Amino acid sequence: MKLNHSYNKFILIKLILIFFFVDVIASELIDEKVKKLTLELRCMTCQNQSIYDSEADFSNDIKKIVRKKFQEGKSEKEIKDFLTNRYGEYILFKPLLNYKNLFLWAFPFILLVFSLFFFIYRIRKR
Amino acid sequence: MSSLVGFISLSLAIGINFFLLFSYFFLKNKNYNFNLIVRLSSVLTLISFFSLMFSYVTSDFSNFNVFQNSHSNKPLIYKISGTWGNHEGSMLLWISILSIYGFLFSITKVADLKFKQLTLVIQSSLHILFGLFIVFTSNPFLVNSVIVKEGLGLNPILQDPGLAIHPPVLYAGYVGYSIIFSLAIAGLLNKNNDDEWLYIAKKWSLISWTFLTGGIALGSYWAYYELGWGGWWFWDPVENISLMPWITGLALVHSLLMIRGEQILKKWIIFLSILCFSLSIFGTFLVRSGILTSVHSFAADASRGLFILLIFFIITGFGFLVFLLRTPENSKPINLLFVNKVSALVINNVLMIITTLTILLGTIYPIIIEVITNDRISVGGPYFNSTVIPIMMPGFLLMSVAPVLSWQTNRLRNAKLYVLGFMIISVVVLIQSYFTTFNTWGVLGLILGVWIIVASIISIFSSYKIKFSYKMLQKINPHIAHIGVGIAIVGITCSSVFKEEYDYNINEGDKFRIKNTFITFQKVETTNEANFQALRANFLIKKDEKLVANIRAGKNYYPVSKMITSEAGIFHEWFRDIYFIVGDQKDNNWFIKIYINPFVSFIWLGVLIMVLSGFIGVTKK
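Values in this document were obtained by computation on a predicted structure and should not be read as measured data.

Rules used in this analysis
Residues numbered from 1 in each chain as written. Chains lettered and ligands numbered in written order. Predicted model: local features only at pLDDT ≥ 70, side-chain atom pairs only at ≥ 80, totals over all residues. Heavy atoms only, no water. Helix = DSSP H or I, 4+ residues; strand = E, 2+ residues; numbered from the N terminus. Buried < 20%, exposed > 50% of the residue type's maximum accessible area, 1.4 Å probe, protein only. Contact = heavy atoms within 4.5 Å. Areas by Shrake-Rupley, 256 points an atom, 1.4 Å probe, with all protein chains shown as cover. Buried area = accessible area lost by both parts, 1.4 Å probe. Salt bridge = Lys/Arg side-chain N within 4 Å of Asp/Glu carboxyl O. Nonpolar A, V, L, I, M, F, W, Y, C, P; charged D, E, K, R; others polar. Pairing = 2+ DSSP bridges. Core = buried A, V, L, I, M, F, W, Y, C linked by side-chain atoms within 4.5 Å. Axes fitted to C-alpha atoms, helices over the stretch in contact; angles between N-to-C directions. Parallel < 35°, antiparallel > 145°, perpendicular 65-115°, else oblique. Left-handed = near helix turned anticlockwise from the far one by under 90°. pLDDT = per-residue confidence, 0-100.

1. Digging into the overall build of chain A
Each helix and strand counted, chain A has five helices and zero strands in total. Seen in sequence order, chain A has helices and strands lined up from the N terminus as α-α-α-α-α. Here chain A holds 126 residues, and the buried ones make up 35% of them. Of all intrachain contacts in chain A linking residues separated by at least 6 positions in sequence, the fraction that spans at least 24 positions is 43%. Carbon and sulfur atoms make up 64% of the accessible area of chain A, which totals about 8,100 Å².

2. A word on the interface of chain B and chain A
At the junction of the two partners, chain B supplies 52 residues and chain A supplies 36 residues. Interface of chain B and chain A: buried area, both sides summed, is about 4,100 Å²; carbon and sulfur atoms make up 62% of it. Across the pair Asp375 of chain B and Lys100 of chain A runs a salt bridge, and its minimum N-O distance is 3.4 Å. Going through the elements one at a time, α13 (341-373), α14 (381-401), α15 (415-435), α18 (477-497) and β9 (589-598) of chain B are the ones with two or more residues in the side of chain B that touches chain A. At 13 residues, the largest contribution of residues to the side of chain B that touches chain A is made by α13 of chain B. In terms of residue class, the side of chain B that touches chain A is built from 33 nonpolar, 14 polar and five charged.

3. Points about the pairing of β9 of chain B
In regular strands, side chains alternate between the two faces of the sheet. All names here are of chain B. With respect to burial, β9 is a largely interior element, nine of its 10 residues being buried. Here strand β1 (residues 500-506) pairs with β9 via seven bridges, running antiparallel. Its bridge partner lying in β9, Asp503 is registered against Lys593. Pairing between strand β8 (residues 576-586) and β9: nine bridges, direction antiparallel. Within β9, the position partnered with Arg576 by the bridge is Pro598. Where β8 folds back on β9, the antiparallel hairpin that results is connected by two residues, among which Asp587 adopts a positive phi of roughly 30°.

4. A closer look at the nonpolar core
Buried together is how nonpolar side chains tend to be arranged in soluble globular proteins. All names here are of chain B. Counting residues in each nonpolar core, the largest one holds 138 residues, and the members touching the most others are Phe130, Trp197, Trp204, Phe277 and Ile315. Phe130 has contacts with Met91, Trp94, Ile95, Phe277, Ile281, Ile311 and Ile315, leaving out every residue within four places of it along the chain. If you look at the next biggest cluster of nonpolar residues, it comprises 22 residues, including Val404, Ile425, Ile453 and Ile487.

5. Re the environment of Ile367 of chain B
Residue and element names in this part refer to chain B. Within the fold, Ile367 resides in helix α13. Overall, the relative accessible area of 13% leaves Ile367 in the buried class. Sequence separation between Ile367 and Leu405 is 38 residues; the distance between their C-alpha atoms is 43 Å.

6. A few points about the packing of helix α9 (residues 237-257) of chain B against helix α10 (residues 266-289) of chain B
All names here are of chain B. Orientation of α9 relative to α10, taken along the N-to-C sense of each, is 165°, at an axis distance of 9 Å. Here α10 runs roughly antiparallel to α9, going by the angle between their axes. Of the two elements, α9 crosses α10, and the hand of that crossing is left-handed. Touching Val238, Ile241, Met244, Pro245, Thr248, Gly249, Ala251, Leu252, Ser255 and Leu256 of α9 are Trp268, Ile269, Leu272, Ser273, Leu275, Cys276, Leu279, Ser280, Gly283, Leu286 and Val287, all from α10. Looking at the contact of α9 with α10, its residues break down into 15 nonpolar, six polar and no charged.

7. A look at the sheet that holds β9 of chain B
Residue and element names in this part refer to chain B. Pairing in this open sheet of four strands is antiparallel, and the strands run β1-β9-β8-β7 from one edge to the other. Single-partner strands in this sheet number two, and they are β1 and β7 (569-572). Within the sheet, the average angular offset between the axes of one strand and its neighbour, ignoring direction, is 20°. As defined by bridge partners, β7 adjoins β8 across four bridges and the pair is classed as antiparallel. In the strand pairing of β8, Phe571 is matched with Ile578.

8. Things to note about the side chain of Glu88 of chain B
With respect to the helices, strands and loops of the structure, Glu88 of chain B is situated in helix α5 (residues 87-106). Here Glu88 of chain B falls in the buried class, since its relative accessible area comes to 16%.

9. Side note on the confidence of the model for chain A
Of all residues in chain A, 77% have pLDDT values of 70 or greater, and the mean over the chain is 76. Note on residues 1-9 of chain A: pLDDT under 50 across the span, and 32 contacts to partners over four residues away in sequence or across chains.

10. Observations regarding the confidence of the model for chain B
Residues with a pLDDT of 70 or more make up 94% of chain B, whose mean pLDDT is 85. Model confidence for the complex is summarised by a pTM of 0.89, with the ipTM given as 0.79.

Here it is, written out as structure tokens:
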């Protein structure tokens, strides 16, 4: 089970240090970005394994591509678009929020809100 | 020969069950012994199962199933487990366990004989459905058309002690729901039965749920040390499928506990009983039909999938139809207050159902999308983590105090003590995390886990006088189960949020250090084992200048199936696991990956406590 990997809290210190060790910090930030993104990508040649966790050739190639794109200054969304164009949406473990997947994302929370209101209504009625 | 015995006894068992069904509806004279007939069919089914096992143990390759899935040089334990390591055999195991449950039910005391008969008849109908499925689409007793000396071998990834016992335990859970289904339907049809079945169902539901818990945990532990990915839960469709009946079963167990209180949520309990077994069959359909890998692989051989789908619709349709037609009247309206025991239970039941539906939707959504738009999408871990976890969190919070809430009033005894405890824990965890690495999920999970443990301990000491006896243990059993949950949550949180990893490219003999642990990558050896070649790297682990362990990690090569499996090496400590994976070699340089998984043993400990407390609960009157 993987939970969201949040960013380091010492952002301020980093900002100060950035003036001194620009290269080091930049590459560290890119490492974190690559990790965060590749955790959400599917290794297409493995069975239900993320690209980050996999050592397959395919995954290592994608890791390199992602790193290169981040170094070129591309955003996470641009890289995702690039990869989905190339490999299809199947590569994304976290489905995009679009019309097709709206139901998938909305359903649990609609259900939750609906039952909450129902519960309050039942208590109020008594 | 043993194939013939197996097939005949399997068919006979189905025939006997047909007789039972026929005679129940058409013969006026019902003086014959239902119990004996059910027991006879169970014995026949078991004979059939053991004759298949016999074929496996003796490597009888005249049986096509054995030829396809076994090899004579496999160790004995994997010859035995090979019996259920394939589709046909696992379905035979399924029906054997179904008949064992029928047998066990036939020897339990039930006051209302008519009701018992009806339950057994429904159980027999289930037996017939699955029996016909085996005979027509998945017969494990087919004769091999050519004479061969050697089999094709068992998938090496299944050759592992954990996975050898995983299917029987898991199935004991899944199939246990069949008896609850039969009880619920019989209870609906037989209106004279005054809720006796609810008390009977209580035990059976707890038994099934406990086995299912054990089965899932075994599978998860296996994934942890065998797959070599460093994790233990991957939101794989197969895992999700086992989780759904587990959650609804949990809801059922808790709802049935309510019978001790004043109100009976009868409708809800029946609904859950039918749902649990439906989800079990639906899971079997998804796994066995191959539809999960791709809609197209399903279409390639649809007969099996369609047959199970048919069984699923018959059973679920029949179940819910009876439920709709003969819904019981609520004896009393349920007493919902803002926070009392009933509302806590209702809220958690609703949350569990929402969770189940979310998992169900996420698991089948790719199939739906592929059928409609022909696009392939993935719904993986990130989706489930961001939906399931937030939905469950309030449930866990409520669970911590639920056992001590009152039935009738809004009051919580010693409320101040609990509030104080919660605040202290929150502050301590926050401070602790501020000085280490701060992570929102980590903090929330830790507070929840520790809080559940502490709240349960407070409840034990404030509600009972502690004596050391088994009776006492039975009394505080619910709290103990909850402590298990708390421990597991701490383990889950720490091992997923605070996991660390280190990559090395090193030569034999190199040394490195992770915090206070010194590790020597000693040497790599290859050895020839019975049915595989093993490559093992030796790691010496030193702490404070003392040698504490010698860990071996590597890979196995299985020549029969030409497969390589990774064999992770794990150094277990109480508060963390050091997890070794050996990667590829490049001119004497080995790629070594090491995970530090903090508190991972807490997960297994927590689950073990839950399972033990499940069995203690079964012994309770």
